[in-house]
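Chain and residue survey
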Amino acid sequence: MTSTNCRLTTKDFAVLEVMLERRRAFADPIVHMLEHKLSTADVVAIDAVGPDIVTLNSRVVFRIDAGPAETRTLVQNEVRGPVGSSLSVATRRGLCMLGMAQGQTTSIEYPDGRRESILIKAVLYQPEAARRAVKEKSRAEVRRPHGLTLVYSAAADRQPLGERAGMRQTEDDDPGPSAA
């Protein structure tokens, strides 16, 4: 695997470290790729990763060699979903794509000497960017509460429908627990 400008979030880096330790115990052939990815990656904070970087749970459009564009969600483990909708980071292709940027091309070398090129065409969804967008939206809503604007105010001597004028209480009345 050739790797240039690989950027991993702190979370994705930690996931790969755990994956490496587990796979070393079984002499998994993907161990070399994991070691290379971890040793060459630039690690960035979750809030600082660009929206065009492939992270775990990102929805990605990519192309293998000169083949047709494919769309997958990069996942940590295979999920129970529609067949072909996800790509595990435990595969060579999935591991290679993790940390790549939109427009970036890299290649994978297989044990049999065969090579394939991967181009990241687009990052359609990235969970970190989506979280930031939600935070920014909620900040904007705080400045403009509920998006409501008062257009008419009734005179102060008018009471809203259903409201009673007041509560009458005699000296022997027990106000109950609400008075406490």
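Use the structure listed above.
**Some words on the pairing of strand β3 (residues 59-64)**
- With five bridges joining them, β3 and strand β4 (residues 69-75) adopt antiparallel strand pairing. For valine 60, the partnering residue across the bridge sits in β4 and is arginine 72.
- Remark: four residues form the turn of the hairpin made by β3 and β4, two consecutive strands paired antiparallel; aspartate 65 in that turn has positive phi of roughly 50°.
- Across six bridges, the pairing between β3 and strand β7 (residues 115-125) is antiparallel. The residue of β7 that forms the bridge with arginine 63 is leucine 119.

**Here we look at the nonpolar core**
- Ranked by size, the top nonpolar core spans 31 residues in total, and within it Leu16 and Ile120 carry the most contacts.
- Looking at this core, the elements with two or more residues in it are α1 (10-24), α2 (31-40), β3, α3 (92-97) and β7.
- Examining the composition of this core, we find that five residues originate from one element, α1, more than from any other.
- Sequence-distant contacts of leucine 16, that is, excluding residues within four places in its chain, are made with Leu8, Leu34, Lys37, Leu38, Val89, Leu95 and Leu98.

**Focus on α2**
- Within α2, the full set of buried residues consists of Val31, Met33, Leu34, Lys37 and Leu38. Around the axis of α2, the buried residues are gathered within 160° of arc, so they sit on the same side. Away from its buried face by more than 90 degrees, α2 exposes His32 and Ser39.
- Of the surrounding elements, those touching the buried residues of α2 are β1 (7-9), α1, α3 and β6 (105-109).

**Observations concerning the pairing of β4**
- Bridging between β4 and strand β5 (residues 86-88) involves three bridges; their strand directions are parallel. Across the sheet, residue leucine 74 finds its bridge partner in β5, namely leucine 87.

**Observations regarding the sheet that holds β7**
- Pairing is mixed across the open sheet formed by five strands, whose spatial order is β5-β4-β3-β7-β6. In this open sheet, the two edge strands, each paired with only one partner strand, are β5 and β6. Each strand of the sheet is rotated relative to its neighbour by a mean of 45°, with strand direction disregarded.

**Let's talk about the environment of histidine 32**
- Tracing the backbone through its elements, the reader meets histidine 32 in helix α2.
- Classification of histidine 32 by relative accessible area gives exposed; the value is 59%.
- Spatially, the C-alpha atom of histidine 32 lies 9.1 Å from that of leucine 20, the residues being twelve residues apart in sequence.

**What about the environment of valine 89?**
- Its place among the elements puts valine 89 in the loop between β5 and α3.
- For valine 89, a relative accessible area of 0% puts it in the buried group.
- Separated by 16 residues in the primary sequence, valine 89 and threonine 73 have C-alpha atoms spaced 9.9 Å apart.
- The contacts of valine 89, once residues within four sequence positions are left out, are Leu16, Met19, Leu56, Leu74, Val75, Gln76, Gly94, Leu95 and Leu98.

Here is what the cut-offs are and how they apply
Residues numbered from 1 in each chain as written. Predicted model: local features only at pLDDT ≥ 70, side-chain atom pairs only at ≥ 80, totals over all residues. Heavy atoms only, no water. Pairing = 2+ DSSP bridges. Helix = DSSP H or I, 4+ residues; strand = E, 2+ residues; numbered from the N terminus. Core = buried A, V, L, I, M, F, W, Y, C linked by side-chain atoms within 4.5 Å. Buried < 20%, exposed > 50% of the residue type's maximum accessible area, 1.4 Å probe, protein only. Contact = heavy atoms within 4.5 Å. Arc of directions from axis to C-beta. Axes fitted to C-alpha atoms, helices over the stretch in contact; angles between N-to-C directions.

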